[in-house]
Amino acid sequence: MKSSLVASSLAVAALCTATTAKAADVWAGLDIKTAYTATGATCNDGMVAQPCVDIYGLKVGDLELPLTLEFWGNIDLEKYDGDEVSKAGRFQEVDLAAYLNLGGYIDENLTLDVGYLEYDYPRHDWETDHLIHVKAKYKVGLGDNLGAVTPCVQAKYRFAGDSKGKCEMAAELAYGVTLAKDVVSDGWDLGFGLSADIWYVSCDGMDRDEEGNKPDSGFACSYLTAKLSLAHFYVGYQHIFQIDDDVLSDEAYDVENVGIFGIDYDF
């Protein structure tokens, strides 16, 4: 992994901000999954832990900045047989991101984030991937006790790294509803969520390999995810559908079903 001054600076800035009283809001979450996949491809077919921290609400005086700093990581809890350098209990991937949150200036139900990301691989001698990420979603309420639907589109473009020129695009539709309020105590609401997405991968901008070839472009996969939540805890199930085996190869498509247990909290 090549070191990244930008990623390190973001991490230091985030930690310093988080430790300053009332300087920012912090959201933290942890997913335990039975496997780790990315755009349908299996990165580890065993148990993983995926911590995530978002720092937002940053202020300069009384002015709140439309900025979110994010840390996300994948820790292998089991060694992946297909990866000779993977080790249980170690970070396999660390992602750092900075997002401009522009949706609130347009509509309170709109989320529009434009971000810079880095994918770092501590266990591998791979180049850091640098990406531009654009994501837009709009929450539509269905009325009292009926929940809400949220359509979402996003695109990730890699402008540096081993996969330079690769673009991943997705369309998603999510539904969420509160099934019961104050089940255990105040604030312990029981909720249900269901989402489906589809991923298109474009490799047209990538360089050809030594043999003059480049990966195929097309629809790679679709995810169907269901979650049941109680306050800060949730359990979920995810099924991954392979669409085009020229884009998502049979070799990469090891895992079809993923179980999830998670917890998150706003500080």
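What you see is a predicted model, and the numbers here were worked out from it, not measured in a lab.

Points about the overall build of the chain
Helix and strand counts for the chain stand at 1 helix and 17 strands. Expected size for 267 residues packed as a compact globule is a radius of gyration near 18 Å; at 19 Å, the chain falls within 12% of this value. Once the C-alpha set of the chain is aligned to its principal axes, its extents read approximately 60 × 40 × 40 Å. Taking all 267 residues of the chain together, the buried fraction comes to 37%.

A look at a nonpolar patch on the surface
Together, Leu-30, Leu-179, Phe-192, Leu-194, Leu-224, Leu-228, Phe-233, Val-235, Phe-241, Phe-261 and Ile-263 give the surface a local cluster of nonpolar side chains, amounting to about 880 Å² of exposed area. Only strand 14 (190–202), strand 15 (218–230), strand 16 (233–242) and strand 17 (257–266) provide two or more residues apiece to the nonpolar patch. The greatest single-element share of the nonpolar patch, amounting to 3 residues, is contributed by strand 16. With respect to the helices and strands, Val-235 occurs in strand 16. Judged by relative accessible area, which is 42%, Val-235 ranks as partly exposed.

Some thoughts on unusual backbone geometry
The backbone of Asp-182 sits at a positive phi, close to 50°, despite the residue not being glycine. For Asp-182, the position within the fold is in the loop between strand 13 (167–180) and strand 14. In this structure Asp-182 comes out as partly exposed when scored by relative accessible area, which is 41%. Even without being glycine, Ala-231 reaches a positive phi, approximately 55°.

Here we look at the pattern of salt bridges
By the definition in use, this model includes 3 salt bridges. Of the charged contacts in the structure, one is a salt bridge between Arg-158 and Glu-168, with a shortest N-O distance of 3.3 Å. Taken together, the residues Arg-158 in strand 12 (residues 148–160) and Glu-168 in strand 13 connect sequence positions 10 residues apart. As far as the burial class goes, Arg-158 and Glu-168 line up, both buried. Note that Asp-189 is salt-bridged to Lys-181, the shortest N-O span being 3.8 Å. Through salt bridges that share partners, Asp-129, Arg-158 and Glu-168 make up one connected network.

Cut-offs applied
- Residues numbered from 1 in each chain as written.
- Predicted model: local features only at pLDDT ≥ 70, side-chain atom pairs only at ≥ 80, totals over all residues.
- Heavy atoms only, no water.
- Helix = DSSP H or I, 4+ residues; strand = E, 2+ residues; numbered from the N terminus.
- Rg over C-alpha atoms; globule rule 2.2 N^0.38 Å.
- Buried < 20%, exposed > 50% of the residue type's maximum accessible area, 1.4 Å probe, protein only.
- Patch = residues over 30% accessible without salt bridge, like charges linked within 9 Å, V, L, I, M, F, W, Y side chains within 5 Å.
- Areas by Shrake-Rupley, 256 points an atom, 1.4 Å probe, with all protein chains shown as cover.
- Salt bridge = Lys/Arg side-chain N within 4 Å of Asp/Glu carboxyl O.

All quantities given are derived from atomic positions and should not be read as evidence of function.
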